Amino acid sequence: IGSIEDVQAMLNELGITDPLPTYEAASVTTNPIDIFRSYIAEEMHKITGVSRDIVYPALEWTQQMEKGDLIMAVPRLRVKGDPKALAADWVSKFPENQYILAPEADNQFIKFFFNPKTLARLTIPSILSKATRYGANHSGAGKKALIEFSSVNIAKPFHAGHLRSTIIGAFLSNLYEYCDWEVVKMNYLGDWGKQFGLLAVEFEESGSEEKLNDDPIQHLFELYVTANTKAKAEEEKIKAGETLEGESMNDKARAYFKKMEDGEPRALALWKRFRDLSIIKCEKVYARLNIKFDIYSGESQVGADTMAKASQIMEDKGISENSEGAKIVDFVKHGYKKLGKAIIQKKDGTTLYLTRDIGAAMERYETYKFDTMIYVVSSQQDLHLQQLFTILKLMGQDFVSKCVHINFGLVAGMKTRSGEVVFLDSILDEVGEAMHEVMKKNEEKYKQVENPEEVADTIGKSAIMIQDMTGKRINNYPFDIKRMTSFEGDTGPYLQYAHARLCSILRKANIPMPLIHTADLTLITEPQAIMLLRTLAQFPDVITNTLKTNEPTTIVNYLFKMTQILSSSYEVVKVVGSEESVARARMALFESARTVLSNAMKLLGLTPVERM
Ligand code: ARG
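Model, not experiment: these values are computed from the prediction. (Residues numbered from 1 in each chain as written. Predicted model: local features only at pLDDT ≥ 70, side-chain atom pairs only at ≥ 80, totals over all residues. Heavy atoms only, no water.)

Chemist: Can you walk me through the overall build of the protein chain in this structure?
Modeler: Within the protein chain one finds 24 helices and 14 strands. Overall size of the protein chain, expressed as C-alpha extent along the three principal axes, is 90 × 65 × 40 Å. Expressed as a percentage of its 612 residues, the buried residues of the protein chain come to 56%. For the protein chain, the share of sequence-separated contacts (at least 6 apart) that also reach a separation of at least 24 residues comes to 72%. By element, 50% of the accessible surface of the protein chain is carried by carbon and sulfur atoms, the whole surface being about 27300 Å². For the protein chain, the distance from the average position of its 74 positive side-chain charges to the average position of its 82 negative side-chain charges is 3 Å. (Helix = DSSP H or I, 4+ residues; strand = E, 2+ residues; numbered from the N terminus. Buried < 20%, exposed > 50% of the residue type's maximum accessible area, 1.4 Å probe, protein only. Contact = heavy atoms within 4.5 Å. Areas by Shrake-Rupley, 256 points an atom, 1.4 Å probe, with all protein chains shown as cover. Lys, Arg positive; Asp, Glu negative; His and termini not counted. Charge placed at Lys NZ, Arg CZ, Asp CG, Glu CD.)

Chemist: Is there a simple way to explain the sheet that holds strand β1 (residues 59–61) in this structure?
Modeler: Paired through backbone hydrogen bonds, the strands of a sheet run either parallel or antiparallel to each other. The strand order across the open sheet formed by 4 strands is β1-β2-β4-β3, and the pairing between neighbours is antiparallel. Here the strands that pair on one side only, and so sit at the sheet edges, are β1 and β3 (104–106). The sheet shows a mean angle of 30 degrees between the axes of neighbouring strands, taken without regard to direction. Pairing geometry for β1 and strand β2 (residues 70–73), over 3 bridges, is antiparallel. The partner of Trp61 across the bridge, within β2, is Leu70. Where helix α2 (residues 32–48) meets the sheet, its contacts fall on β1, β2 and β4 (109–112), and the angle it forms with β1 comes to roughly 150 degrees. (Pairing = 2+ DSSP bridges. Axes fitted to C-alpha atoms, helices over the stretch in contact; angles between N-to-C directions.)

Chemist: Just checking my understanding: could you explain the nonpolar core for this structure?
Modeler: Within soluble globular proteins, side chains that are nonpolar generally end up buried alongside one another. Counting 161 residues, the largest nonpolar core has Phe112, Tyr176, Leu424 and Leu559 as the members making the most contacts within it. In terms of residues, this core owes the most to one element, helix α24 (residues 580–604), which gives 13 residues. Shared between two domains, this core holds at least three residues of each, these being domain 1 (4–114) and domain 2 (427–469 + 479–604). For Tyr176, the contacting residues outside a window of four places in its chain are Ala145, Ile147, Trp181, Val183, Ile374, Leu547 and Asn550. Counting 30 residues, the second largest nonpolar core, distinct from the first, contains Val329, Leu385, Phe389 and Cys403. (Core = buried A, V, L, I, M, F, W, Y, C linked by side-chain atoms within 4.5 Å. Domains from an automatic or database assignment.)

Chemist: In this structure, what is going on with the packing of helix α11 (residues 265–288) against helix α15 (residues 424–440)? I would like to understand it.
Modeler: What describes two packed helices is the angle between their axes and the distance between those same axes. Close contact between α11 and α15 brings their axes to 9 Å; oriented N to C, the two are set at 35 degrees. Of the two possible hands of crossing, α11 and α15 adopt the one that is left-handed. Here α11 contributes Lys281, Val285, Tyr286 and Arg288 to the contact with α15, which in turn contributes Leu424, Asp425, Leu428 and Asp429. Among the residues making up the contact of α11 with α15, the classes are represented as 4 nonpolar, no polar and 4 charged. (Left-handed = near helix turned anticlockwise from the far one by under 90°. Nonpolar A, V, L, I, M, F, W, Y, C, P; charged D, E, K, R; others polar.)

Chemist: Explain the packing of aromatic side chains to me, please; I cannot follow it from the model alone.
Modeler: The relative placement of two aromatic rings is captured by the distance of their centres and the angle of their planes. Evaluation of the coordinates by the stated rule reveals 20 aromatic pairs. Ring geometry for Phe36 versus Tyr99: centroids 5.8 Å apart, planes at 80 degrees, classification edge-to-face. With Phe36 in helix α2 and Tyr99 in the loop between α4 (83–93) and β3, this pair connects stretches of sequence that are 63 residues apart. In terms of burial, Phe36 and Tyr99 fall into one category: buried. By the ring-pair criterion, three or more aromatic residues cluster together here, those being Phe36, Tyr39, Tyr99 and Phe114. Positioned above the aromatic ring of Tyr23, the side-chain terminus of Arg52 is 4.3 Å from the ring centre. (Phe/Tyr/Trp six-rings, centres within 6.5 Å; stacked < 30°, edge-to-face > 60°. Lys NZ or Arg CZ within 6 Å of the ring centre and 35° of its normal.)

Chemist: Hey, could you run me through helix α1 (residues 4–13) in this one?
Modeler: Residues that lie three or four places apart on an α-helix share one face, since the helix turns once every 3.6 residues. Residues of α1 that are buried include every one of Val7, Gln8, Met10 and Leu11, and no others. Seen from one end, α1 has its buried residues packed into an arc of 160 degrees, which puts them on one side. Of the residues in α1, the exposed ones pointing more than 90 degrees away from the buried face are Glu5 and Glu13. Contact partners of the buried residues in α1: α2 and α5 (116–130). A positive backbone phi angle near 85 degrees is found at Gly15, which sits one or two residues after α1. (Arc of directions from axis to C-beta.)

Chemist: Help me understand the site of the ligand in this model?
Modeler: Residues in close proximity to the ligand include Glu148, Ser151, Asn153, His162, Tyr188, Tyr353, Asp357, Tyr375, Val377, Gln381 and His384, which together make up its full environment. Between Ser151 and the ligand, the recorded distance is 2.9 Å, taken from a backbone N or O atom to a nitrogen atom. In this structure, His162 approaches the ligand through a side-chain N or O atom, which is 2.7 Å from an oxygen atom. Look at the ligand: alone it shows 350 Å² of surface, and the protein chains cover 91% of it. (Near = heavy atom within 4 Å. Polar contact = N/O pair within 3.5 Å; in protein donor to acceptor, adjacent residues only side chain to side chain.)

Chemist: Please clarify how the sheet that holds strand β7 (residues 295–298) should be interpreted in this entry.
Modeler: Spatially, β7-β6-β5-β11-β12 is the arrangement adopted by the 5 strands of the open sheet, whose pairing is parallel. The open sheet has two edge strands with one neighbour each: β7 and β12 (403–406). For this sheet, the mean angle separating the axes of adjacent strands, direction not counted, is 25 degrees. Two elements, strand β5 (residues 144–148) and strand β11 (residues 372–376), share 4 bridges in a ladder whose sense is parallel. Each residue of the ladder has a partner; that of Ile147, found in β11, is Ile374. Sheet strands in contact with helix α6 (residues 160–178) are β5, β6 (182–189), β11 and β12, and its direction is about 155 degrees off that of β11. The sheet contacts of helix α14 (residues 382–394) involve β11 and β12, and relative to β12 the element is tilted by about 175 degrees.

Chemist: What is the right way to read a positive patch on the surface from this model?
Modeler: A cluster of basic residues, Lys445, Arg501, Arg507, Lys508 and Arg611, forms a positive patch on the protein surface. Looking at the positive patch, the element that brings in the most residues is helix α19 (residues 492–509), giving 3 residues. Looking at the secondary structure, you find Arg611 in the segment after α24. By relative accessible area, which is 48% here, Arg611 ends up partly exposed. (Patch = residues over 30% accessible without salt bridge, like charges linked within 9 Å, V, L, I, M, F, W, Y side chains within 5 Å. Salt bridge = Lys/Arg side-chain N within 4 Å of Asp/Glu carboxyl O.)

Chemist: What's the story with the domain arrangement of the protein chain in this structure? I'm lost.
Modeler: In many reports, interface size means the accessible area that the parts give up when they come together. Structurally, the protein chain comprises domain 1 (4–114) and domain 2 (427–469 + 479–604). Of note, the centres of domain 1 and domain 2, computed from C-alpha atoms alone, are 31 Å apart. In this complex, domain 1 contributes 13 residues to the contact, which on the side of domain 2 involves 10 residues. For the pair domain 1 and domain 2, the summed buried surface comes to about 1000 Å²; carbon and sulfur atoms form 53% of the total. In terms of surface lost to domain 2, no three residues of domain 1 exceed Ile33, Trp61 and Met65, which account for 60% of the buried area on that side. For the pair domain 1 and domain 2, the interface holds 2 salt bridges. Two residues, Asp69 and Arg534, come together in a salt bridge whose shortest N-O distance is 2.7 Å. For the pair domain 1 and domain 2, the interface holds 6 residue pairs in polar contact (both at pLDDT 80 or more). (Buried area = accessible area lost by both parts, 1.4 Å probe.)

Chemist: Which parts of the structure should I look at to understand α11?
Modeler: With 24 residues, α11 should cover 34 Å at 1.5 Å per step; its first-to-last C-alpha distance of 35 Å lies within 8% of that length. For α11, the complete set of buried residues consists of Ala267, Leu270, Trp271, Phe274, Arg275, Leu277, Ser278, Ile279, Cys282, Val285 and Tyr286. Of the residues flanking the end of α11, it is Asn290, one or two places downstream, whose phi is positive at about 60 degrees. (Expected span 1.5 Å × (residues − 1).)

If you want it as structure tokens, here you go:
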């Protein structure tokens, strides 16, 4: 089903000879529901006289199947009169046809229910033939998205904010790629700043070459902890009025960082080793989540010349001002009361997080000419990103209108047994082990799994990801290993189980794929089967909607709904033991369900398992 002609041919087979109405917004080759939409829109346009481009988008997908396959809110057509009466009138005029059962007026809404036979014929072959591409669309063709996510800090603890940024960012990258965007995945490392001075100073005092090569992230983290403890103790002393022997850690760190900013080779060489070794380790850990960054950029990579240029523009345009030797932006003066003030250059001439972000954004646009740039960063940095976007706007950098901050809430209690989380690795290990324990409890099943450790690891990762993506991004949630690794309720393991069960039906039924593809779909008749079919048909609309919300929960919630309908259909819709032609049709339905589940899970970043 690659072309409009294919679609029309399929309609002809169904005895529908009217040419398919063409709508610009319709994507009939990728979304079977758009065929129904085009047809209904055309009828509604004829009945109401309202222009086609108003009618078409008013036909919306529904979250609950009781509301119909498509629903239209009468007021959206902006026709004078009582919406309730209009709904009743239009419904009475709607012609009988093969597409839809008689529409229903419900208050000011009109509910459309598709004819299940037509729906089956249009949807199932589309799912089976498109396979891994069912749900995808071409809306991003020719467009480029730069997605910055994860953005961990070298030598500082990995925290829940990084976990969420990693999960959500990877998901968005998959989603945009699925819809034909060219996606550049960027990790903007926290690899610059005074902290690095502190780390270097401590490395020179107590660092170990061996440990650094062995496990750079762990070792740098240890140095970071020691250095900070020392610095704190010194501060306490100073507060108490005592004098320090020699220079303080903080002073040494500042001096070291100054050397780095001035480009002193020796200072830079050590820093570069820290960075390179950390990236190698990071790549391995991200691979566990099937993530591969196109670019490891970072705060250190922002050109001094770009920042100087930015600084000049800010000065020339009167955006920045001098304040006790430093340079600041007073947003209040520019009409942004809530944004307060921000320093963009310290007294000693060194740059800050914000300064580097300004330069980075300009360089990224210069290099990539993106159509959208997405920053996946915790809502704790809302102010920072607003300040950044506002400065860019004041500077007249028009690309700022293409920049988006995708934010998210906090996670409470993300700790490992040893306490502080050092890196993503430790979280994945810990949840994988917990998952393994849960699996062992079902001895029967456990014995059948060939590679239980690997499966536990895969399902454990699903557990973490689904827990993270279940609510709206902005919601906070507690990191709850027991809850997330449960097979019951809305969890990752539950979705994995649903997928494995579909695989097992396919194995047991043992019907050759070509016979499934050519099944007689009119044999799909049980209400449960039709409910499932209608839900599967929604998937392309779910994707389109997710591109608007940028919310993984749009997909996750859909999957929970779909898998619940699926599991309540098993009782009635049996494959094994049914008459052959019926078994084939039902298998076509279940293989379609498996395809949708698998496609959605992969988009979310999960690896669907076949046995567990
Ligand atoms: N490294 C930062 C942190 O851990 C996040 C970076 C976010 N991205 C940005 N362009 N500022 O807090």
